[in-house]
Amino acid sequence: MSIVNRMEGLAEVLFTGAFKKSQAKMQPVVIARELVKIMHKHKRISVSQVYVPNVYRVFLHPDDWGPLASFGASFLLELSKYVYHEGRRFGYTFLTKPAIELHADAQTETYQMAIEVDFDDTIDLEWQDDEDDAPEAEDRREQTNILREEARSGANESADSSRNQQYYLEVIEGGDLGQRYLIPVGESFLGRHSQCAMSVADPEVSRRHLKLTVDAQGWMLDDLGSTNGTWVNGQRITRQAIAPGDRIQIGQTVLMLKRLPEV
């Protein structure tokens with residue numbers, strides 16, 4: 001495990017101008033190609049294995065991120081499988097099956113992207129691979145890839161809502177100003193830890209600060225015993241239902257629940 005320990009936490013942000021400003025839309029295939037390039041660039045050679053990153057965070061301008069985020073978890077799963085199969089083709093070793101994350105970042109210019117890579121053997125990520133011999137449950141496919149920006153339902157809406165009914169949390173105050181997180185159905189966590197589905201770089205936020213549960217009834221927040229507490233519309237809470245327009249404060253970070261514009 002010594003080589004794993006040395007590689008844990010390694011991260012680098014790379015910028016690419018792969019997209020021409022004359023293009024009308026960001027093309028998913030270009031993101032896939034850039035991920036493979038980054039994979040090759042960051043391979044690490046040990047005594048008997050060649051390791052490549054298993055975490056890939058893609059940062060896009062919000063105008064570019066929105067259309068791609070609407071594809072949902074299937075898009076990230078497709079990217080994950082593509083990177084995994086390309087890595088296997090070259091004989092590379094992943095610490096886990098690759099996790100792909102898609103983020104909106106106002107500091108990234110339009111038609112450009114930043115990719116951050118990491119080696120992390122602590123993530124728990126599995127999905128069915130058609131080339132694997134070991135069978136896995138079919139319903140795990142939609143639960144495994146990390147999609148910090150995906151949502152499938154809102155208050156009083158079923159989990160199979162259309163894309164026009166997606167909601168997200170946006171940072172409106174704090175160091176992550178402008179960051180957006182689409183909200184997946186079920187449970188997701190917000191905190192300082194990089195493995196939270198919604199991660200913020202705020203030293204006053206606990207590693208796992210709060211839990212957000214989304215179902216057909218709406219959105220429910222649970223504070224997870226955080227040091228500095230969770231506040232909704234100025235009131236400290238331990239458990240609270242929220243609605244679009246509510247202000248959620250954790251540490252110095254303030255988020256607001258919003259609905260994606262209809263297209």
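Worth saying up front: this structure is predicted, and the values here are computed from it rather than measured. (Residues numbered from 1 in each chain as written. Predicted model: local features only at pLDDT ≥ 70, side-chain atom pairs only at ≥ 80, totals over all residues. Heavy atoms only, no water.)

Colleague: Honestly, helix H3 (residues 62-69) in this entry has me stumped. Any pointers?
Modeller: Residues that lie three or four places apart on an α-helix share one face, since the helix turns once every 3.6 residues. All of the buried residues in H3 are Pro62, Asp64, Trp65, Leu68 and Ala69. Along the axis of H3, the buried residues cluster in a sector spanning 155°; they form a single face. Of the surrounding elements, those touching the buried residues of H3 are helix H2 (28-41), strand E4 (55-60), helix H4 (73-89), strand E6 (99-104) and strand E9 (180-182). (Buried < 20%, exposed > 50% of the residue type's maximum accessible area, 1.4 Å probe, protein only. Helix = DSSP H or I, 4+ residues; strand = E, 2+ residues; numbered from the N terminus. Arc of directions from axis to C-beta. Contact = heavy atoms within 4.5 Å.)

Colleague: Please explain unusual backbone geometry as it appears in this structure.
Modeller: Apart from glycine, the bulk of residues carry a negative phi angle, and the bulk of peptide bonds sit in the trans form. One non-glycine residue, tyrosine 111, lies in positive phi territory at about 65°. Mapped onto the elements, tyrosine 111 comes out in the loop between E6 and strand E7 (113-118). One non-glycine residue, asparagine 233, lies in positive phi territory at about 50°. For asparagine 233, the location among the structural elements is in the loop between strand E14 (230-232) and strand E15 (235-237).

Colleague: Help me understand the sheet that holds strand E10 (residues 186-191) in this model?
Modeller: Strands pair in a sheet through their backbones, by hydrogen bonds, and they do so in one of two ways: parallel or antiparallel. Spatially, E11-E10-E12-E13-E16 is the arrangement adopted by the five strands of the open sheet, whose pairing is mixed. What marks the edges here is a single partner per strand, and that holds for strand E11 (198-199) and strand E16 (239-242). Where E10 lies against E11, two bridges are found, and the strand directions are parallel. Bridged to leucine 190 within E11 is methionine 198. (Pairing = 2+ DSSP bridges.)

Colleague: I would appreciate a short explanation of the pairing of E10 in the present structure.
Modeller: Regular strands show a simple pattern: their side chains alternate between the two faces of the sheet. Of the strand pairs in this sheet, E10 and strand E12 (residues 210-215) are connected by five bridges, and their pairing is antiparallel. Bridge pairing links glycine 186 to valine 214 in E12.

Colleague: Would you take a moment to explain the side chain of asparagine 54 for this structure?
Modeller: Mapped onto the fold, asparagine 54 is located in the loop between strand E3 (50-52) and E4. Within the structure, the side chain of asparagine 54 is placed 2.7 Å from the backbone oxygen of aspartate 120, a separation counted as a polar contact. Contacts of asparagine 54, omitting those with residues within four sequence positions, involve Phe94, Leu95, Thr96, Lys97, Pro98, Ala99, Asp118, Phe119, Asp120 and Ile123. (Polar contact = N/O pair within 3.5 Å; in protein donor to acceptor, adjacent residues only side chain to side chain.)

Colleague: Could you clarify how one ought to interpret the side chain of serine 206 in this entry?
Modeller: For serine 206, the location among the structural elements is in the loop between E11 and E12. A distance of 3.2 Å separates a polar side-chain atom of serine 206 from the backbone nitrogen of threonine 227. Contacts of serine 206, omitting those with residues within four sequence positions, involve Gly191, Arg192, Ser226 and Thr227.

Colleague: When you look at the packing of aromatic side chains in this model, what are you seeing that I'm missing?
Modeller: Describing an aromatic ring pair means giving the distance of the ring centres and the angle of the ring planes. Per the stated rule, a full pass over the model turns up three aromatic pairs. Where tyrosine 84 meets phenylalanine 94, the ring centres are 5.7 Å apart and the plane angle is 45°; that geometry is what we call tilted. Taken as a pair, tyrosine 84 in helix H4 and phenylalanine 94 in strand E5 (residues 93-94) lie far apart in primary sequence, ten residues in all. Accessibility expressed as a relative area gives 12% for phenylalanine 94, which makes it buried. The positively charged end of lysine 97 is found above the aromatic ring belonging to tyrosine 84, 5.7 Å away from the centroid. Positioned above the aromatic ring of phenylalanine 189 is the side chain of arginine 208, whose terminal nitrogen or guanidinium carbon lies 3.9 Å from the ring centre. (Phe/Tyr/Trp six-rings, centres within 6.5 Å; stacked < 30°, edge-to-face > 60°. Lys NZ or Arg CZ within 6 Å of the ring centre and 35° of its normal.)

Colleague: How should I be thinking about the sheet that holds strand E18 (residues 253-259) in this particular structure?
Modeller: The sheet built from six strands is open, its strands ordered E9-E8-E18-E17-E14-E15 with antiparallel pairing. Either end of the sheet is taken by a strand with one partner, and the two such strands are E9 and E15. For this sheet, the mean inter-axis angle between neighbouring strands, taken without regard to orientation, is 30°. Of the strand pairs in this sheet, strand E8 (residues 167-173) and E18 are connected by six bridges, and their pairing is antiparallel. Bridging across to E18, glutamate 173 finds its partner in valine 254. (Axes fitted to C-alpha atoms, helices over the stretch in contact; angles between N-to-C directions.)

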